[in-house]
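Residue-level listing of the chains:
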Protein chains: 2
Amino acid sequence: MTKRVGVLLSGCGVYDGSEIHEAVLTLLAIDRAGARAICLAPDMVQMHVIDHLTGKESGERRNVLVESARIARGEVLDAATVKASELDALILPGGFGAAKNLSDFAVKGSDAHIQSDVGRLLQEMAAAGKPIGAICISPVVVARALSSRQPEVTIGNDAATAEAIVRMGAMHRSCSVETIHVDRRNRLVSTPAYMLGPGIKDVAVGIEKLVNQVLAMCA
Amino acid sequence: MTKRVGVLLSGCGVYDGSEIHEAVLTLLAIDRAGARAICLAPDMVQMHVIDHLTGKESGERRNVLVESARIARGEVLDAATVKASELDALILPGGFGAAKNLSDFAVKGSDAHIQSDVGRLLQEMAAAGKPIGAICISPVVVARALSSRQPEVTIGNDAATAEAIVRMGAMHRSCSVETIHVDRRNRLVSTPAYMLGPGIKDVAVGIEKLVNQVLAMCA
């Protein structure tokens, strides 16, 4: 049976959505491992639309599911329609979309609210003992959604973000860009990716390890 | 000296801009080979904005350079400012943006007009004997811009597109997704990528070969 790996997207672009390189590298590693990627994203308006050339808000209005479809080449499901029973694992690429759309961590920090479909799906995955992978900044979403389980996650070396993770009841673990941290108790794998950089080839090493570890933990 | 490889983007998304997977796989192969990617795109309004969930025009207005910055994580140059003398090689990922923004091939077929900055840069690269790589549908741009040189290019197996290439004065070469065609006379490398598919791991094989061949042909 081909393993089905949910890839939870948050838009299309590092400053207001999914980090594109991280999302594509995740899809590449899943395909290379012989598993099947199922892209999904919440159907909601983005918190911001950022002009990626200037770094400033553009004043436009875009939808997370519609923009995520760019990365998924049209094949993306509304997260509200996806149940954990349909997936063997779930992976969250990074990008500010994780902190702006999947949650409001970018604004609220450790008091962040998790988008309802995202929170429900993470809870279902954890309750079913199915593995979760979280890349770059997206471990904050998992830390908040599953705080009662005291998850161990990476975030690179950003002190303020690491502190926020601890305030949410989770544990921060240091990790280089080419490595992963495995929280075996919670079947949770994370890697810092572009929280550390420096380049796409470095980020690719950690993401490939994360995908392979997540697949190894599938039942 | 680190080789500088221009990556000519055409927006962000397969149906109205650069094919995202192809662009990211190009950046990955360049970084892994120890070269430096220089992203560039024309500063112009996109021909279309397509809702990638429905495949229909959204009625929005977006700029090619600004949207390309999403793939480039903000680091993208206006193609009008880039000279061939600043590059060792130039690679064009695919996506409908090549046929809608870098040229109007999607509308005009073999009578296509090439965007002026793109045409000027391709002519400069060819005149300087510097290698060019073209992925997926983007060989039609090179075929039209350099038709007087009778370039040999791939397009997969789409009969209508292959015919248009011949009408433009170029030569079509059959090629599988995991291979490349090398036109040594014109220092031009092409691969079909998502013109054939089927998946990201297959596309990645051809693109990595293309990047490595282009780098091998740098002076």
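Up top is the structure.
Residues numbered from 1 in each chain as written. Chains lettered and ligands numbered in written order. Predicted model: local features only at pLDDT ≥ 70, side-chain atom pairs only at ≥ 80, totals over all residues. Heavy atoms only, no water.

(A) Up close: the packing of aromatic side chains. Inspection of every chain in the model, using the stated rule, returns two aromatic pairs over all chains. Relative to Phe-96 of chain B, the ring of Tyr-15 of chain B has its centre 6.5 Å away and its plane inclined at 40 degrees; by these criteria the two rings are tilted. One end of the pair, Tyr-15 of chain B, is in the loop between strand S1 (4-8) and helix H1 (20-32); the other, Phe-96 of chain B, is in the loop between strand S4 (89-92) and helix H3 (97-100), and 81 residues separate them in sequence. Classification of Tyr-15 of chain B as partly exposed rests on a relative accessible area of 29%. Looking at Arg-73 of chain A, its charged tip hangs above the ring of Tyr-194 of chain B, at a distance of 3.5 Å from the centre. (Phe/Tyr/Trp six-rings, centres within 6.5 Å; stacked < 30°, edge-to-face > 60°. Helix = DSSP H or I, 4+ residues; strand = E, 2+ residues; numbered from the N terminus. Buried < 20%, exposed > 50% of the residue type's maximum accessible area, 1.4 Å probe, protein only. Lys NZ or Arg CZ within 6 Å of the ring centre and 35° of its normal.)

(B) Local environment of the pairing of strand S5 (residues 132-135) of chain B. All names here are of chain B. Alternating positions in S5 separate into two faces, Ile-132 and Ala-134 on one and Gly-133 and Ile-135 on the other, with burial throughout. One ladder, built from four bridges, connects S5 with strand S9 (residues 188-191); its direction is parallel. Bridge pairing in S9 places Gly-133 opposite Val-189. (Pairing = 2+ DSSP bridges.)

(C) Representation of the sheet that holds strand S9 (residues 188-191) of chain A in the model. Residue and element names in this part refer to chain A. Within the open sheet, the seven strands sit side by side as S3-S2-S1-S4-S5-S9-S8. Their pairing is mixed. Across the chains shown, the open sheet's two edge strands, defined by having one partner strand only, are strand S3 (77-78) and strand S8 (181-183). Running at roughly 175 degrees to S9, helix H8 (residues 200-216) makes contact with strand S1 (4-8), strand S4 (89-92), strand S5 (132-135), S8 and S9 of the sheet. (Contact = heavy atoms within 4.5 Å. Axes fitted to C-alpha atoms, helices over the stretch in contact; angles between N-to-C directions.)

(D) Summary view of the pattern of salt bridges. Under the criterion given, the structure shown has 20 salt bridges over all chains. Across the pair Asp-16 of chain A and Arg-70 of chain B runs a salt bridge, and its minimum N-O distance is 2.8 Å. Taken together, the positions of Asp-16 of chain A in the loop between S1 and helix H1 (20-32) and Arg-70 of chain B in helix H2 (residues 64-71) put the pair across two chains. Owing to a relative accessible area of 0%, Asp-16 of chain A belongs among the buried residues under this scheme. Linking Arg-62 of chain A and Glu-60 of chain A is a salt bridge whose minimum nitrogen-to-oxygen distance equals 3.0 Å. (Salt bridge = Lys/Arg side-chain N within 4 Å of Asp/Glu carboxyl O.)

This is a description of form; function is not addressed.
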